[in-house]
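# A closer look at the structure
These are the residues of each chain, in order.
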Amino acid sequence: MATQQATIEDIANGPVMRYDGPVDPLDVSRAELYRDDTWQAPFKQLRETAPVHKVEHSDYGPYWSVSTYKPILEAESLPDIFSSEAGGITLADFLPDSDVRMPMFIAMDRPKHTGQRRTVAPAFTPSEMVRMKENIVRRTAEILDSLEYGKTFDWVDMVSIELTTQMLAILFDFPWEDRRKLTFWSDWAGDIELVKTPELRAQRLQHMYECGAYFQQLWNAKVGKEPTPDLISMMIHSDAMSEMDQFEFIGNLILLIVGGNDTTRNSMSAAAYGLDLFPDERAKLEADPGLIQNATQEIIRWQTPLAHMRRTATQDTELGGQSIKAGDKLALWYLSANRDETVFGDDADRIVVDRANARRHLAFGHGIHRCVGARLAELQISVLLEEMAKRRMRVNVVGEPERVAACFVHGYRKLPVEISTY
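Below, the structure is looked at part by part. Every residue gets a number counted from 1 within its own chain, in the order that chain's sequence is written. Reporting in this predicted model follows two pLDDT cut-offs: at least 70 for local features of residues, and 80 or more for side-chain atom pairs to be given and counted; totals over whole chains, interfaces and linings ignore these cut-offs and use all residues. Hydrogens are left out, water is left out, and the side-chain values use all remaining heavy atoms of the structure.

### Structural notes on the nonpolar core
One finds Tyr 34 and Trp 333 to be the most contacted residues of the largest nonpolar core, which totals 44 residues. Counting from the N terminus, the helices are DSSP H or I runs at least four residues long and the strands are E runs at least two residues long. With four residues, the top contributor of residues to this core is strand β8 (residues 329–333). Within this scheme, the nonpolar core is defined by two criteria: the residues are buried Ala, Val, Leu, Ile, Met, Phe, Trp, Tyr or Cys, and they are joined through side-chain atoms within 4.5 Å. The cut-offs for exposure are 20% and 50% of the maximum accessible area for each residue type, with area from a 1.4 Å probe on protein chains only; residues under the lower value are buried, those over the upper are exposed, and the others partly exposed. Listed in part, the 43 residues of the second largest apolar core include Ala 123, Phe 172, Met 244 and Ile 254.

Here's what the structure looks like:
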């Protein structure tokens, strides 16, 4: 424990990561663009004028913005050239002198990535979705039936967070009464802005150690026991993950918690906010519940709950007509690719519940790093829409949402709503 404390103190005394020069209007890593929901215009300009654009100065240092669909697919299809492991998956750099590296399989290259991903993949197979659906329907129904009509409440807290946190608790066989710890750890782990000051980096590390210690107890309780269908047991009974050190264990936990929490939670919030924003589309969905599966894909596309993934070039190469040097950092902006007019049309900024190619979205990534839990996220969101349709429940937004001020997790902190029937 003394070593851990010393590490946290070292980080607290580490460097501040901020660029104080003139603002580059095409630096789309700026937190205020997402806090104020004004990111659409600079991305549109990038797509039209510079789909692969070098930003020389930002709080995260120089990086390439990749903002259109085609070059993102190309980069994702060449994982040995555009590496996840060389620099991690966010624009924030690992600081060797003041950070603790916590490896996770999404930030690994082949072959190690393959073995670790294969370990957890059985939790998300089609047969597992069939097995879990009854439970998801029951819990969703309970939460919707607990809501008061005509009274203002926070949809994010009472519906989105609660549903996703319950699901995570089931996936990890996590103590039910402590499940909100998962939300707390996810918020600290997924907030890229926290890396900018040493004090917040130190606080974050402290919380990640607490997360690891809690899960270590759960791990120890399952060692030597028969396999069960939860993620910790799957790790214990796999060759690829049974011998992880504590940092790799914490890293993979963080990946699964943030991945399981943020994608689904922020898409559930987008379902409420976005359908209220486009009432004609909401009416179309209310009139035809057969559109729910497609609408689920469209809501995920429109929201894109993780705005970017970062890759690092392992060699000199070319992308979108630009010369990329070995070691260069690239941000693959899924958020922008999902608004690419050449793929989704001139109405790409709108929710269209019957959009013919909604499923082509890149919100879950592409290639070997495509989100392992995508089916579960889709199932949870579609069940929410189905249960709302059964109750003829309409969500009416009654105030502006409070958004996450960051360029990685693209989501909502609060969303004041009232519910009514139609």
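### As for the packing of helix α8 (residues 180–190) against helix α11 (residues 246–277)
For helices, the axis comes from a line fit to the C-alpha atoms of the stretch in contact; other axes are also lines fit to C-alpha atoms, and the angle between any two N-to-C directions lies between 0 and 180 degrees. At a minimum axis separation of 9 Å, α8 and α11 run at an interaxial angle of 95°. Considering the angle they form, α8 stands roughly perpendicular to α11. Seen from α8, the contacting residues are Leu 182, Thr 183, Ser 186, Asp 187, Ala 189 and Gly 190; seen from α11, they are Ile 254, Ile 257, Val 258, Asn 261, Asp 262 and Arg 265. Partitioned by chemical class, the residues of the contact of α8 with α11 number five nonpolar, four polar and three charged. Note on angle classes: values under 35 degrees are labelled roughly parallel, values over 145 roughly antiparallel, values of 65 to 115 roughly perpendicular, and the remainder oblique. Here a residue-residue contact requires only that any non-hydrogen atoms of the pair lie within 4.5 Å. Nonpolar residues are Ala, Val, Leu, Ile, Met, Phe, Trp, Tyr, Cys and Pro. Charged residues are Asp, Glu, Lys and Arg, and all others, Gly as well, are polar.

### Details of the pairing of strand β12 (residues 416–421)
Two strands pair when backbone bridges link them, and strand β4 (residues 153–154) and β12 are joined in this way by two bridges, in the antiparallel orientation. Residue Phe 153 lies in a different strand from β12, and its bridge partner there is Val 417. Here, a strand pair is defined by DSSP locating no fewer than two bridges between the strands. Both strand β9 (residues 393–397) and β12 contribute to a ladder of five bridges, which runs antiparallel. When the bridges of β12 are listed, Val 397 appears paired with Val 417.

### Quick look at helix α3 (residues 40–49)
Those residues of α3 not exposed but buried are Pro 42, Phe 43, Leu 46 and Arg 47. Looking straight down α3, one finds its buried side chains confined to an arc of 140°; they lie on one side. Exposed residues pointing more than 90 degrees away from the buried face of α3 are listed as Ala 41, Glu 48 and Thr 49. Directions drawn from the helix axis to the C-beta atoms are what define this arc.

### Remarks on the sheet that holds strand β2 (residues 63–66)
What the five strands build is an open sheet, ordered β1-β2-β8-β5-β3; its pairing is mixed. With partners counted over all chains shown, the strands left at the sheet margins are β1 (52–55) and β3 (82–83), one partner each. This element, helix α4 (residues 69–76), spans β1, β2, β3, β5 (308–313) and β8 of the sheet and lies at about 125° to β8.

### Details of the pattern of salt bridges
For salt bridges, the criterion is a side-chain nitrogen of Lys or Arg within 4 Å of an Asp or Glu carboxyl oxygen. Taken as a whole, this structure holds 29 salt bridges when the rule is applied. Here Asp 37 and Arg 403 are joined by a salt bridge, their closest N and O atoms 3.4 Å apart. Within this pair, whereas Asp 37 is found in the loop between α2 (31–35) and α3, its partner Arg 403 is found in strand β10 (residues 402–403), the two being separated by 366 residues in sequence. Among the salt bridges present, the one from Glu 162 reaches Arg 179, with a minimum N-O distance of 2.6 Å. Taken together, the residues Glu 162 in helix α7 (residues 155–172) and Arg 179 in the loop between α7 and α8 connect sequence positions 17 residues apart. Judged by relative accessible area, which is 18%, Arg 179 ranks as buried.

### Here we look at the sheet that holds β9
By definition, the strands of a sheet pair up through backbone hydrogen bonds, in either a parallel or an antiparallel sense. Read across the sheet, three strands follow the order β4-β12-β9 without closing on themselves; strand pairing throughout is antiparallel. Looking along the sheet, the strands with just one partner apiece sit at the ends: β4 and β9.

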